[in-house]
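A look at the structure
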Amino acid sequence: MNDKLISRAADNVRILAASMVEKAKSGHPGGAMGGADFVSVLYSEFLNWDPTDMEWRNRDRFFLDPGHMSPMLYSILTLTGNYTLDEISNFRQWGSPTPGHPEKDFSRGVENTSGPLGQGHTMAVGAAIAERYLVARFGEWMSHKIYTFISDGGVQEEISQGAGRIAGHLGLGNLIMFYDSNDIQLSTTTSEVTSEDTAKKYEAWNWHVQTIEGNNVAQIREALKNANAVTDRPSIIIGKTIMGKGAVDANGNSYERKVSTHGMPLGEAGADYKKSVANLGGNPESPFEIFSDVKDYFASVLKEKAKAAKIKKEEEAKWVSANPELASKLEKFYSMDYSELDFSSIDIKDNVATRAASANVLAYLADNVENLLVASADLANSDKTDGFLKKTKALAKNDFSGSFLQAGVAELTMAVICNGIALHGGVRPACGTFFVFSDYMKPAARLSALMQLPVIFIWTHDAFRVGEDGPTHQPIEQEAQIRLLEELKNHAGKNSTLVLRPCDGVETAVSWKLALENTNTPTALILSRQNITNLPVSGVSRYEDALQAAKGGYIAKKSAGEPDVVLVGNGSEVATLIEGAALLEEKANLKVQVAAVPSIGLFFNQDAAYRNSVIPEGKPVYGLTAGLPSTLLRLVGSKGKVHGMYEFGHSAPYTVLDKKLGYTGENVYNQVVEYVKNY
C-alpha cells in the first residue's frame, strides 16, 4: 500500500489519457484525468482477475458507464498489460483496438460497450443480478464483485432512476459504484443543470453511500474497503474529483476544473499540453511511456492477481470434484446448448393469439431451461410472460432462487439489465413488454446488437389490433424500425438482430426455438394480442411446415401450378392472405401462392434459388402488413404492391379496425384483382 506509488501510477494514466486525445486531435481528456486515482487503486488493490485467463468466469467485473472516458480505461489497461503503447497511441484510428468509446472485448478487460450514458452502470446491475443468480444455485465459491464507474451524465440520464431503484430493492451487495463527481459537464458546469442531492437519492433507494475526495488515494482505499464489507445493499462512492487534474496553462498555472477540457484536447481547450505532461512527471517529447517504477509495481500486482485467481480456481476444482452433477449443470448454463428441447411436444391450442402460444412455450421452458431469466415491465399478465412466472417466482432481496424479474415500469432499464446479464454469462435473459414500448428500449436493443448479445425481446400487442386502447398503444412504424436491425450487419458480418413475427401459434413455438438457438445476436419476437387462425397444413404437420421459418420465409400455401400472383406477409396478416387467396382462386380463377416471411433478414440470407422458389421473380407480388408499407418493400420488389398503414391507428374493436382499414380477405381480393389487371 504505497500511496505515493499509486499516485504516480495515476499521473501516468493522466499523461497517457491526455496524450491519446492530443495525438488523435479528438476525445475527452478531462474526466479521464480526474478519474485516474480511482482506477489506479481499484485495479492494483481490489479488482480480482486472472491475467493469464481474462475470461475467467469468476473474475470481478468493471463496467464503464461514461464511454467518453475510454482514455482512462485504455490507460489503466495498458499498465496491466492488456494494451500496448503503440495501440493506445493510435486512439480513435481505423483498425485500432482503441475506439473512441470502448467496445466489448473480454480478452483485453473491456467488459461492456459504452457510450450512451446511463447504460454502462445499468449493465452492471444486470451482471450483479446474474452473479447472485448463479451463487444461489451453485454456492458462494462463485461470488465476485461488480464494480462500475458513473459520471454526472449517467446520473442525470433517466435510466439511473430504474437502475438505482432495482439494485437497491434487490439488495445487490455485490455491486459497487464510483460516481466521478467533478462538477463539470460537456458544455457547462453541473450546478447550472441540477441542484439535487445525489447522496440522499441513493440513500432513498437503499444504497450504502459514502462521499470522499475522489483524488485522495487513502480515502478511495478506505471507501472501497467499506463498500466491500457491505453485503446487504449496493454501494455508491461519491468521489469529488478534479476535472483535468494536473493540467496547466502556458504560464504553468493550474488549468483544472475547466469545462473546455471535458471534450477537446488540452492544447485546444486552453491548457498547455506539453507543460501539463511535464507537470505530471512525464516527458513531453515522449509521452507514451510507462514510468519504470509504475511498470515494476504493476508487474508485481499481476503476479499477485494470478496467485489469487489460482487459489480460487483450486477451490472451484474441489467443488467440481465433490459435486459432479452440479458441475455438469453449470457447464450447461454457460454452453447455452438447447438441443435436448422438444418444441413439437408443447401443447398449443388452435387459433390462439401468438402471445398466448408464447405463454405455453414459456411454461415449457420454465420446466426445462434452468438458466433462463425472464423479465417483464409490469405487464406479465398482458405480455403473457406470466406463463413462465407461474412456474417460478420473482427475484427478491436475499432470495435469488426464482427466475423472474419484476422490473416495474422501466422498459429501457429492464432491457439494459438484460444486456448486463448476457454480458456476465451463464444466464440467458429474456424480457417482455408491449411492442409500442420498444420505442423506449431502442437504445438497449441497438447496443445488444452491437455487442452481439443473445438477449430475447418479447414484444406483444404487435399492431393496430390492440384496438380500443387507441393509437398511443398501437404499433405502426415500430416493426420497420426493428427490422432495420435485420438489415444492419454487426462487426462479425452477420444480421445484427433476428426479428421474428410468427403467423400462428405453431410458428410461435418454432420462433422460440430459433430464438434460443440464436446465441450470437439478440432476437425480437413480435407477437399478437388477438387470436389468429392457424395456417392450413401443407406437409406432414403444421409444426413441420413451420420449421421452415428457419429460412426466414417459406411457402404457406402453394399454388396449383405456376402462380399468377404471390401474396406475402407475416404475423396476423398471413391468415388474411390465406382468406384472400381462396377468394382469388374461386372468383378470379387465379393461381395464388402465399409466402409467410417471419424473418425478412433470415430470408435474404438464403440463396437466390430458394428465395425464387418462395417468391418467384417476374410475378406480381402483393404484400400485406399492419405496419408501414416500407416493411415489405424488399420482399415485393420494385413492381410489387403493398397494402400497409400510412397513418396512426384509431380506438375501436380490432374487428372493426380490420374492416375499416382494409385488412380482410375481401379487400385482399379486390386489391389483387386490380393490381394483376394493371401489372
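Our subject is the structure that appears above.
Summarised in this report is the structure supplied together with it. (Residues numbered from 1 in each chain as written. Predicted model: local features only at pLDDT ≥ 70, side-chain atom pairs only at ≥ 80, totals over all residues. Heavy atoms only, no water.)

**Examining the pattern of salt bridges**
Applying the stated criterion across every chain yields a total of 36 salt bridges. In this structure, lysine 332 and glutamate 340 form a salt bridge, with 3.2 Å as the shortest nitrogen-oxygen distance. Several salt bridges share partner residues, and in doing so they unite Asp462, Arg465, Glu479, Arg483, Glu486, Arg501, Glu573 and Asp658 into one network. (Salt bridge = Lys/Arg side-chain N within 4 Å of Asp/Glu carboxyl O.)

**Observations regarding the pairing of strand β3 (residues 175-181)**
Extensive coverage of β3 is indicated by the burial of seven of its seven residues. Bridge count for strand β2 (residues 146-151) against β3 is six bridges, and the pairing is parallel. Looking across to β3, one finds that tyrosine 147 is bridged to isoleucine 176. Pairing of β3 with strand β5 (residues 235-240), which is carried by six bridges, proceeds in the parallel orientation. Directly across from phenylalanine 178, in β5, lies its bridge partner isoleucine 237. (Buried < 20%, exposed > 50% of the residue type's maximum accessible area, 1.4 Å probe, protein only. Helix = DSSP H or I, 4+ residues; strand = E, 2+ residues; numbered from the N terminus. Pairing = 2+ DSSP bridges.)

**So, the sheet that holds β3**
Sheet architecture is open: five strands sit in the order β1-β2-β3-β5-β4, paired in parallel fashion. The outermost strands of the open sheet, each flanked by one partner alone, are β1 (61-64) and β4 (208-213). Strand-to-strand, the axes of this sheet are offset by a mean angle of 20 degrees, without reference to chain direction. (Axes fitted to C-alpha atoms, helices over the stretch in contact; angles between N-to-C directions.)

**Considerations on the packing of helix α1 (residues 3-24) against helix α9 (residues 217-229)**
Axis separation between α1 and α9 bottoms out at 10 Å; the angle between their running directions is 100 degrees. What the angle tells us is that α1 and α9 run roughly perpendicular. Each of Asp3, Ile6 and Ser7 in α1 lies in contact with α9, whose residues at this interface are Val217, Ala218 and Arg221. (Parallel < 35°, antiparallel > 145°, perpendicular 65-115°, else oblique. Contact = heavy atoms within 4.5 Å.)

**Some details on the pairing of strand β8 (residues 428-434)**
Within β8, seven of the seven residues are buried, which leaves the element mostly enclosed by the surrounding structure. The sheet contact formed by strand β6 (residues 372-376) and β8 spans five bridges and is parallel. Of the residues in β8, the one forming a bridge with serine 376 is glycine 432. Here β8 runs beside strand β9 (residues 456-460); their pairing, made up of five bridges, is parallel. By the bridge assignment for β9, glycine 432 is matched with isoleucine 458.

**Examining the side chain of histidine 262**
As for its placement among the helices and strands, histidine 262 is situated in the loop between β5 and α10 (266-269). Look past the residues within four positions of histidine 262 in its chain and what remains in contact with it is Gly27, His28, Pro29, Gly30, His68, Ile184, Gln185, Leu186 and Met243.

**Points about the nonpolar core**
Within the largest apolar cluster, 80 residues are counted, with the highest numbers of intra-cluster contacts made by Phe343, Leu365, Trp512, Leu567, Val594 and Ile615. With seven residues, the top contributor of residues to this core is helix α20 (residues 505-517). Residues within four places of leucine 567 in sequence aside, it is in contact with Leu577, Ala581, Leu584, Val592, Gln593, Val594, Ala595, Tyr622, Val668 and Val672. Ranked by size, the runner-up nonpolar core spans 71 residues in total, among them Ala127, Leu373, Ala407 and Ile526. (Core = buried A, V, L, I, M, F, W, Y, C linked by side-chain atoms within 4.5 Å.)

**As for helix α7 (residues 159-169)**
Taken across its 11 residues, α7 has eight buried, putting it largely inside the fold. The complete set of buried residues in α7 reads Ile159, Ser160, Gly162, Ala163, Gly164, Ile166, Ala167 and Gly168. Residues of α7 that are buried make contact with α5 (119-138), α6 (152-156), β3, α8 (198-204) and α17 (411-424). Phi turns positive, to about 60 degrees, at glycine 171, one or two residues after α7.

No statement about biological role is implied by the geometric values presented.
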